[in-house]
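# A closer look at the structure
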Amino acid sequence: MATKFSKETYLYWYELMLLLRRFEEKTGQLYGMQKIRGFCHLYIGQEAVAAGCMTATNPTDKFITAYRCHALAIAKGVTPKSSMAELYGKATGCSKGKGGSMHLFGVDVGFFGGHGIVGAQIGTGAGLAFAEKYKGTNNVALCFFGDGAARQGMLHETFNMAMLWDLPVVFICENNHYAMGTSVARTSKTLDIYKLADAYDMPADAVDGMSPEDVHNAVLRAANRAREKGGPTLLEIKTYRYKGHSMSDPQKYRSKDEVEEYKEKDPIDHVLNVLKTQYKIADADIDVINERVKKEVEDSVQFAEESPWPNDDELLKDVYVQQDYPFIVD
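Now for a description of the structure that goes with this document. (Residues numbered from 1 in each chain as written. Predicted model: local features only at pLDDT ≥ 70, side-chain atom pairs only at ≥ 80, totals over all residues. Heavy atoms only, no water.)

### Remarks on the packing of aromatic side chains
- For the structure on display, the rule yields 11 aromatic pairs.
- Measuring from centroid to centroid gives 5.2 Å for Y10 and W13, while their planes differ by 85°, and the two rings are edge-to-face. Placement of both Y10 and W13 in helix 1 (residues 7-32) is noted, with a separation of three residues, approximately one turn of the helix.
- W13 sits in the buried class, given a relative accessible area of 0%.
- Seen in terms of ring centroids, F130 and W165 are 5.6 Å apart; in terms of plane orientation they differ by 55°. Their pairing is tilted. (Phe/Tyr/Trp six-rings, centres within 6.5 Å; stacked < 30°, edge-to-face > 60°. Helix = DSSP H or I, 4+ residues; strand = E, 2+ residues; numbered from the N terminus. Buried < 20%, exposed > 50% of the residue type's maximum accessible area, 1.4 Å probe, protein only.)

Written out as C-alpha cells, the structure reads:
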C-alpha cells in the first residue's frame, strides 16, 4: 500500500497529524490549567482519519462533525490560532469566542462545525449535500459522527432521504469503540456499524482508521461515487482515542493494556517509519518539521493569550431576536 503514495503525501500526513497531536496535547495541558473551560473532547489517536480524508477530498468539499472537532477543523483549514482563541473564548476565535471547544466553525474553508447534540449533524450533513446538488456543484459533503450516534433516529431518517435523493454525501462513523463510555457490544447486537447501510441499499465498508492510506482509499472511492451521481456511502472507520471521552472521563470501562495495544499501531509512528525506511528522509529533515509544528502550536497559545475577550455588546449578536415575540414577560 505504501508504494502507492508519494513522499510528498507522507510528509503532508506526518506534519498534519503531528500538528493535530501537539495541538490537542497542549489543549489538554491548558484545560488542566483552567485556561480552557467547559467541555473538552480530544482527538488524540484518531489523526489518521483527518489526514486520509484531507488527501482524498477537494478544498471545496464540505465537512461537518460532532463535538470532538478541533482536529478536523484545523485539518480543513481553520487556523490553529483562531482555533485556540476559540477554546479560550476570545473574540478572535473562529466562532467569535461564542462556541468554545464543541462548536468550532470555519465556513470560509468549508468546515460547518462542531455540534453538541449527539447525531444532530447527520441531518445537517445531508442538508449540506442537498445544497451542493441543488446548486449543481461537483462538491461532496463529509458527515462525521461517532459510534454512539449510530443509534440515533436522526441517522436512519437521514439515510433514507439521502438514498432517495441520491445526495453527494459520505457518512463517516468514527468508531472509537466506546461512545461516551459504553462499548458497542453493550449497546447493539450489530457490532459492524457499516451493516446499518444495508437496510437502505447504501454502499458501505469498514476501514482501518489507524491507517491514513486505508482512510484515503476508502474516502476517495466514496467521494468519487458521490461526484458521479452514485449517491451516499457509509464508511465505518475503526479508530481509537487514547484519551477519555472528555477531560472528565476516568476511563474505567477499558484497561490500560488495551490502550497501549492501540498505541503500538499509532498512525504518526507508522508514517514516520515509512518516511525513514522507504523514502530515506533524514532525521534532520524530520526535526525541521517537528520544530515548525512546535512553533505553530506555541504561536497559537500566545495569540489566544494576547487576544481580547468579546465585548459586552456581542452578547446578543448572531442570535435571532423577534422584536414582537409574544411570550416575553417583564
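### Considerations on the pairing of strand 4 (residues 204-208)
- Strand direction decides the pairing type here: strand 4 and strand 5 (residues 233-238), joined by five bridges, are parallel. Residue pairing across strands places D205 opposite L235, the latter belonging to strand 5.
- Taken together, strand 4, helix 7 (residues 212-227) and strand 5 constitute a β-α-β crossover, and its handedness is right-handed. (Pairing = 2+ DSSP bridges. Right-handed = clockwise from strand over helix to strand, strands pointing away.)

### A closer look at the packing of helix 1 against helix 2 (residues 47-56)
- Viewed as axis vectors pointing N to C, helix 1 and helix 2 meet at an angle of 140°, and their least axial separation amounts to 9 Å. Considering their axes alone, helix 1 and helix 2 lie oblique with respect to each other. Both helix 1 and helix 2 take part in a crossing whose hand is right-handed. In contact with T9, Y12, W13, L16, M17, L20 and R21 of helix 1, helix 2 contributes E47, A48, A50, A51, G52, M54 and T55.
- Along the lines of polarity and charge, the residues of the contact of helix 1 with helix 2 split into nine nonpolar, three polar and two charged. (Axes fitted to C-alpha atoms, helices over the stretch in contact; angles between N-to-C directions. Parallel < 35°, antiparallel > 145°, perpendicular 65-115°, else oblique. Left-handed = near helix turned anticlockwise from the far one by under 90°. Contact = heavy atoms within 4.5 Å. Nonpolar A, V, L, I, M, F, W, Y, C, P; charged D, E, K, R; others polar.)

### Brief notes about unusual backbone geometry
- In this model, H177 sits at a positive phi of 85°, which is unusual for a non-glycine residue.
- Counting through the fold element by element, H177 comes out in the loop between strand 3 (169-175) and strand 4.
- Unlike most non-glycine residues, K280 shows phi in positive territory, near 55°.
- By secondary structure assignment, the location of K280 is in the loop between helix 9 (267-277) and helix 10 (283-306).

### Some words on the pattern of salt bridges
- In total, this model carries 17 salt bridges according to the counting rule given.
- Between K317 and E314 there is a salt bridge whose closest N-O contact spans 3.5 Å.
- On the basis of relative accessibility, which here comes to 19%, the residue E314 falls in the buried class.
- Here the salt bridges share partners, and the residues they tie into one network are K96, K98, E314, K317 and D318. (Salt bridge = Lys/Arg side-chain N within 4 Å of Asp/Glu carboxyl O.)

### Quick look at the nonpolar core
- By size, the foremost hydrophobic cluster in this structure holds 59 residues, and its most contacted members are Y14, C53, M84 and L142.
- Considering each element in turn, this core owes the most residues, 10 residues, to helix 1.
- Setting aside chain neighbours within four positions, we find C53 in contact with F63, L142, F144, I172, V215 and V219.
- Formed by 24 residues, the second largest nonpolar core is a distinct cluster that contains I122, F145, F171 and A197. (Core = buried A, V, L, I, M, F, W, Y, C linked by side-chain atoms within 4.5 Å.)

### Describing the packing of helix 1 against helix 9
- It is at 9 Å that the axes of helix 1 and helix 9 come closest, and there the two elements cross at 150°. Classified by the interaxial angle, the pair formed by helix 1 and helix 9 is roughly antiparallel. Of the two elements, helix 1 crosses helix 9, and the hand of that crossing is left-handed. The residues of helix 9 that touch helix 1, namely those facing K7, Y10, L11, W13, Y14, M17, L18 and R21, are P267, I268, V271, L272, V274 and L275.

### Observations concerning helix 5 (residues 120-135)
- When the terminal C-alpha atoms of helix 5 are compared, their 23 Å separation across 16 residues agrees well with the 22 Å that a helix rising 1.5 Å per residue should span.
- Within helix 5, the full set of buried residues consists of Q121, I122, G125, A126, L128, A129 and E132. When helix 5 is viewed along its axis, its buried side chains cluster within an angular range of 150° and face the same direction. Of the exposed residues in helix 5, those oriented more than 90 degrees away from the buried face are Y134 and K135.
- Considering only its buried residues, helix 5 is in contact with strand 1 (62-64), strand 2 (141-146), helix 6 (153-164) and strand 3.
- Backbone geometry just downstream of helix 5 places G136 in the positive-phi region, at approximately 75°. (Expected span 1.5 Å × (residues − 1). Arc of directions from axis to C-beta.)

Geometric descriptors of this kind do not, in isolation, establish any biological role.
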